[in-house]
Protein chains: 2
Amino acid sequence: MNLVFKPLASALLATSLALAAGAAFGAEPLPSWNDGPSRTAIIDFVNRVTQQGGADYVAPDERIAVFDNDGTLWAEQPMYVQLAFALDRVKALAAQHPEWKTEQPFKAVLENDMAALAQSGEEGLLKMVMVTHAGMSTDEFNQIASDWIRTARHPKTGQPYTEMVYQPMLELLYFLRQNGFKTFIVSGGGIDFMRPWTESIYGIPPEQVIGSTIKVEYQLKDGKPTLVRQPALNFLDDKTGKPVMIQYHIGRRPIAAFGNSDGDIQMLEWTTSGAGPRLGMLLHHDDGKREFAYDRKSPFGKLDHGIEESKERNWSLISMKSEWKCVMKFECEAQQSK
Amino acid sequence: MNLVFKPLASALLATSLALAAGAAFGAEPLPSWNDGPSRTAIIDFVNRVTQQGGADYVAPDERIAVFDNDGTLWAEQPMYVQLAFALDRVKALAAQHPEWKTEQPFKAVLENDMAALAQSGEEGLLKMVMVTHAGMSTDEFNQIASDWIRTARHPKTGQPYTEMVYQPMLELLYFLRQNGFKTFIVSGGGIDFMRPWTESIYGIPPEQVIGSTIKVEYQLKDGKPTLVRQPALNFLDDKTGKPVMIQYHIGRRPIAAFGNSDGDIQMLEWTTSGAGPRLGMLLHHDDGKREFAYDRKSPFGKLDHGIEESKERNWSLISMKSEWKCVMKFECEAQQSK
């Protein structure tokens, strides 16, 4: 962590995360999960890999668990949070760019014309991402992202995005770490957009966050080193890119993987096809009342092939609607304090 | 760790590493270091950053230390260990490639003609690296590298390469970790060549090893996923590449960096130019009797500009000759058992 989200002392952090995960010492694990097939499968898996001398025992070093972020750990509707960030950045920078009033995709953004923005296609989106994510130092971008995430609010709930994280998944992260697992994020999102807050919210330090990257260049200015973000993609950490980045970054195959969309299929394939005990799970967004109901046709977080493949490969589909007692962190906390 | 070097149980590993580092509980730190300027600087730095309430206190999360590998943690003379590996692999594969008898650079390797090999230049070397490091799965390469490192011997001492690691640096790694640091390797060498043994030898797990990478492709063969190593460079983790990879992989600036060659300059610049307490050190190979004496003119591990820059930027040059009581792990252990 860096400029804004200065790390709390480890002890404090561990305590606050434990409280956030509703995990008093000796309490039942995964309190926000109903006693359903997913909770049972998770607890059974953890019991098997941690039982010394058991046939499925896995040494702590090998207990690597990987998590997608958007739609798996926090909400990705009505749009990816990072897209909301990019739109806000365009508006914040508009005064310095009078030409954007007539230039797409910026015109569409400034006029809140989402149809025109969508029409600008991948090329338009990439243009917007590069303008808002590149051309500054890594330290500066970190500051911008930190400031934004602290102040921005979800359009539907009015909550900070960091309250729109799934309480049951926080508990899962905590439960795994309590059992010797090392937890990593493997997201299609931008790596440096996540890192300012993943440690305080998820208990995952920056070095265990894997994501998409843009090119970064090392420059010396008057003898002072700077890492400057360049307007060019370095690596897209999605689909087949996920197992590749797992190899580059972690260097060993995880034994558990959690995702929610077709972009996570290869990560789950790679994880669950290794020898020994394996766990693969996809969160199914089937709860239109408490969150959003979407799968095969959503522009964000499409889950289509993954539904079929989960049957073939014995992955669990987590039903948000029937398996979670509550969904968002802020809601679960409100319920608990009643 | 993976196929061959199965991780020992954590407790066992910690114990054996502690013994290797000569660190009985309560013992003086860095026992193989003479009471000289480098040892003093290290201990002073660690005392300052760990003193709660002190002006230079650094929270444990931010105590990131990065180490070059070749020439910093283990010997790189008479040639990089990975080059010795590549030469051995060419010989091992020669029976399947009769054409190599007449094709450079392979002919030179098979005839032990190092002058002709050098003449083949970068192009020849790259050709050799690609033939020996690509075209197999990541699991297969891991097995090949693991088998080789277990059986290969250093040409001068006849010792396994994993005994040709610097005992004082093992103690330094251990001392830093005992004080809450997270230790990373940031090497120009191939990442997957190091990972099979860094945990058992250095106490550094695969996910904390950063190095050069070749392209890796995700493939499904009859439904079974494989990561296949491609004959193309992905990222060269040397010089300006080192701070860039530190950003991608770690996501925050280290507070201590250790290297030995001009390839480490940018890593030390980036590390030591951050705010707050910083430590930058270059190991100077000035001990022709116990190791190898080389700096400005060596083809491997050239240290030239770094000597001047260390003065400007207040980096320490560690004199192997005057500051280390013993050098190699196997020698230090032999001395201690007398």
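- If you look chain A up in an unreviewed UniProt entry, it shows as Haloacid dehalogenase from Pseudoxanthomonas dokdonensis.

## Looking at the environment of Thr-151 of chain A
All names here are of chain A.
Stage number 1. With respect to the helices and strands, Thr-151 occurs in helix α7 (residues 138-151).
Stage number 2. Relative accessible area serves as the criterion here: at 52%, Thr-151 is assigned to the exposed category.
Stage number 3. Linking Thr-151 and Tyr-161, residues 10 residues apart in sequence, is a C-alpha distance of 9.1 Å.

## Considering the interface of chain B and chain A
Stage number 1. Facing the 49 residues of chain B at the interface are 49 residues of chain A.
Stage number 2. Taken over both partners, the interface formed by chain B and chain A buries close to 3,900 Å², and the fraction arising from carbon and sulfur atoms is 49%.
Stage number 3. Interface area lost by chain B to chain A is led by Glu-207, Tyr-218 and Tyr-248 of chain B, which between them contribute 18%.
Stage number 4. There are eight salt bridges connecting chain B and chain A.
Stage number 5. One salt bridge in this structure joins Arg-253 of chain A and Asp-139 of chain B, with 3.4 Å as the shortest N-O distance.
Stage number 6. Linking chain B with chain A are 27 residue pairs in polar contact (both at pLDDT 80 or more), by the criterion used here.
Stage number 7. No other element matches strand β3 (residues 209-221) of chain B, which puts six residues into the side of chain B that touches chain A.
Stage number 8. In terms of residue class, the side of chain B that touches chain A is built from 22 nonpolar, 14 polar and 13 charged.

## With respect to helix α6 (residues 121-133) of chain B
Residue and element names in this part refer to chain B.
Stage number 1. In a regular helix each residue adds 1.5 Å, so 13 residues correspond to 18 Å; α6 covers 18 Å between its end C-alpha atoms and thus fits that length.
Stage number 2. Inspection of α6 places Gly-124, Met-128, Met-130, Thr-132 and His-133 among the buried residues, and these make up the whole buried set.
Stage number 3. Among the structural elements, α3 (81-93), α4 (106-110), α5 (114-119), α7 (138-151), β3 and β4 (224-235) are those in contact with the buried residues of α6.
Stage number 4. Of the residues one or two after α6, Gly-135 is the one with positive phi, at around 90°.

## With respect to the confidence of the model for chain A
Stage number 1. Considering every residue of chain A, the mean pLDDT works out to 93; 92% of them sit at 70 or more.
Stage number 2. Low pLDDT (under 50) marks residues 1-9 of chain A, which in the prediction has 29 contacts with non-local residues, meaning those over four places away or in another chain.

## A short note on the domain arrangement of chain A
Residue and element names in this part refer to chain A.
Stage number 1. Partitioning chain A into domains gives domain 1 (10-77 + 161-336) and domain 2 (81-151).
Stage number 2. In this structure, domain 1 and domain 2 have C-alpha centres spaced 27 Å apart.
Stage number 3. Facing the 21 residues of domain 1 at the interface are 18 residues of domain 2.
Stage number 4. Across the domain 1/domain 2 interface, buried area totals approximately 1,600 Å², and carbon plus sulfur atoms make up 74% of it.
Stage number 5. At the surface where domain 1 touches domain 2, the tally comes to five residue pairs in polar contact (both at pLDDT 80 or more).
Stage number 6. Looking at the side of domain 1 that touches domain 2, the elements with two or more residues in it are β2 (182-190), α9 (191-202), β3 (209-221) and β4 (224-235).
Stage number 7. If you tally residues by element for the side of domain 1 that touches domain 2, the top one is β4, at eight residues.
Stage number 8. Grouping the constituent residues of the side of domain 1 that touches domain 2 by class yields 14 nonpolar, five polar and two charged.

## Structural notes on the pairing of strand β5 (residues 256-259) of chain B
Residues and elements named next belong to chain B.
Stage number 1. On β5, burial covers both faces: Ala-256 and Phe-258 on one face and Ala-257 and Gly-259 on the other are all buried.
Stage number 2. When strand β1 (residues 64-67) meets β5, the two strands line up parallel, connected through three bridges. Each residue of the ladder has a partner; that of Phe-67, found in β5, is Phe-258.
Stage number 3. Relative to strand β6 (residues 279-284), β5 runs parallel, the two sharing four bridges.

## Some points on the pattern of salt bridges
Here the idea is simple: oppositely charged side chains can pair when their charged atoms come close.
Stage number 1. A full pass over the atoms with the stated rule returns 44 salt bridges over all chains.
Stage number 2. In this structure, Arg-296 of chain A engages Glu-308 of chain A in a salt bridge whose closest nitrogen and oxygen atoms are separated by 3.0 Å. Of this pair, Arg-296 of chain A sits in the loop between β6 (279-284) and α12 (305-312) while Glu-308 of chain A sits in helix α12, and the two are 12 residues apart along the sequence.
Stage number 3. Of the residues examined, Arg-296 of chain A reaches a relative accessible area of 33% and is grouped as partly exposed.
Stage number 4. Between Arg-195 of chain B and Asp-192 of chain B there is a salt bridge; the shortest N-O distance is 3.4 Å. With Arg-195 of chain B and Asp-192 of chain B both in helix α9 (residues 191-202) and three residues apart, this pair spans about one turn of that helix.
Stage number 5. Accessibility expressed as a relative area gives 2% for Arg-195 of chain B, which makes it buried.

## Quick notes on the relation of the copies chain B and chain A
Stage number 1. Turning chain B through 180° and shifting it by 0.0 Å along the axis lays it on chain A, with an RMSD of 0.0 Å. Overall, the copies show the geometry of a two-fold rotation axis. Closest approach to the rotation axis within chain B is made by the C-alpha atom of His-249 of chain B, at a distance of 3.4 Å.

## Quick word on the pairing of β4 of chain A
Residue and element names in this part refer to chain A.
Stage number 1. Sheet topology places β3 next to β4; eight bridges connect them, and they run antiparallel. For Thr-213, the partnering residue across the bridge sits in β4 and is Phe-235.
Stage number 2. Hairpin remark: β3 followed by β4, antiparallel, with two residues in the connecting loop; positive phi at Asp-222, about 50°.

## As for helix α10 (residues 241-249) of chain B
Residues and elements named next belong to chain B.
Stage number 1. Here α10 lies mainly inside the structure; nine of its nine residues are buried.
Stage number 2. Of all the positions in α10, only Gly-241, Lys-242, Pro-243, Val-244, Met-245, Ile-246, Gln-247, Tyr-248 and His-249 are classed as buried.
Stage number 3. One or two steps after α10, the chain reaches Gly-251, where phi turns positive at roughly 80°.

## Focus on the sheet that holds strand β2 (residues 182-190) of chain B
Residues and elements named next belong to chain B.
Stage number 1. The seven strands are arranged β4-β3-β2-β1-β5-β6-β7 in an open sheet whose pairing can be described as mixed. The outermost strands of the open sheet, each flanked by one partner alone, are β4 and β7 (316-319). Direction aside, the axes of adjacent strands within the sheet are offset by 35° on average.
Stage number 2. Packed on one face of the sheet, helix α8 (residues 167-178) meets β1, β2 and β5 and runs near 165° to β1.

## With respect to the packing of aromatic side chains
Centre-to-centre distance and the angle between the planes together describe a pair of aromatic rings.
Stage number 1. Counted under the stated rule, the structure contains 28 aromatic pairs over all chains.
Stage number 2. Here Phe-45 of chain B and Phe-181 of chain B contribute two aromatic rings whose centre-to-centre distance is 6.4 Å and whose plane-to-plane angle is 45°, an arrangement assigned as tilted. Of the two residues, Phe-45 of chain B sits in helix α2 (residues 37-50) while Phe-181 of chain B sits in the loop between α8 and β2, which places them 136 residues apart along the sequence. Take Phe-45 of chain B and Phe-181 of chain B: they sit in the same class, and that class is buried.
Stage number 3. When the ring of Trp-148 of chain B is compared with that of Phe-193 of chain B, the centres are 6.0 Å apart and the planes differ by 45°; the resulting orientation is tilted. Of this pair, Trp-148 of chain B sits in helix α7 while Phe-193 of chain B sits in helix α9, and the two are 45 residues apart along the sequence. Each member of the pair Trp-148 of chain B and Phe-193 of chain B is classed as buried.
Stage number 4. The rings of Trp-74, Phe-85, Phe-141, Trp-148, Tyr-161, Phe-193, Trp-197 and Tyr-202 of chain A are connected pair by pair, giving a single aromatic cluster.
Stage number 5. The ring of Phe-141 of chain A has Arg-229 of chain A lying over it, and the distance from NZ or CZ to the ring centre is 3.8 Å.
Stage number 6. Positioned above the aromatic ring of Trp-270 of chain A is the side chain of Arg-253 of chain A, whose terminal nitrogen or guanidinium carbon lies 3.6 Å from the ring centre.

Cut-off values and rules
Residues numbered from 1 in each chain as written. Chains lettered and ligands numbered in written order. Predicted model: local features only at pLDDT ≥ 70, side-chain atom pairs only at ≥ 80, totals over all residues. Heavy atoms only, no water. Helix = DSSP H or I, 4+ residues; strand = E, 2+ residues; numbered from the N terminus. Buried < 20%, exposed > 50% of the residue type's maximum accessible area, 1.4 Å probe, protein only. Contact = heavy atoms within 4.5 Å. Buried area = accessible area lost by both parts, 1.4 Å probe. Salt bridge = Lys/Arg side-chain N within 4 Å of Asp/Glu carboxyl O. Polar contact = N/O pair within 3.5 Å; in protein donor to acceptor, adjacent residues only side chain to side chain. Nonpolar A, V, L, I, M, F, W, Y, C, P; charged D, E, K, R; others polar. Expected span 1.5 Å × (residues − 1). pLDDT = per-residue confidence, 0-100. Domains from an automatic or database assignment. Pairing = 2+ DSSP bridges. Least-squares fit on C-alpha atoms with pLDDT ≥ 70 in both. Axes fitted to C-alpha atoms, helices over the stretch in contact; angles between N-to-C directions. Phe/Tyr/Trp six-rings, centres within 6.5 Å; stacked < 30°, edge-to-face > 60°. Lys NZ or Arg CZ within 6 Å of the ring centre and 35° of its normal.

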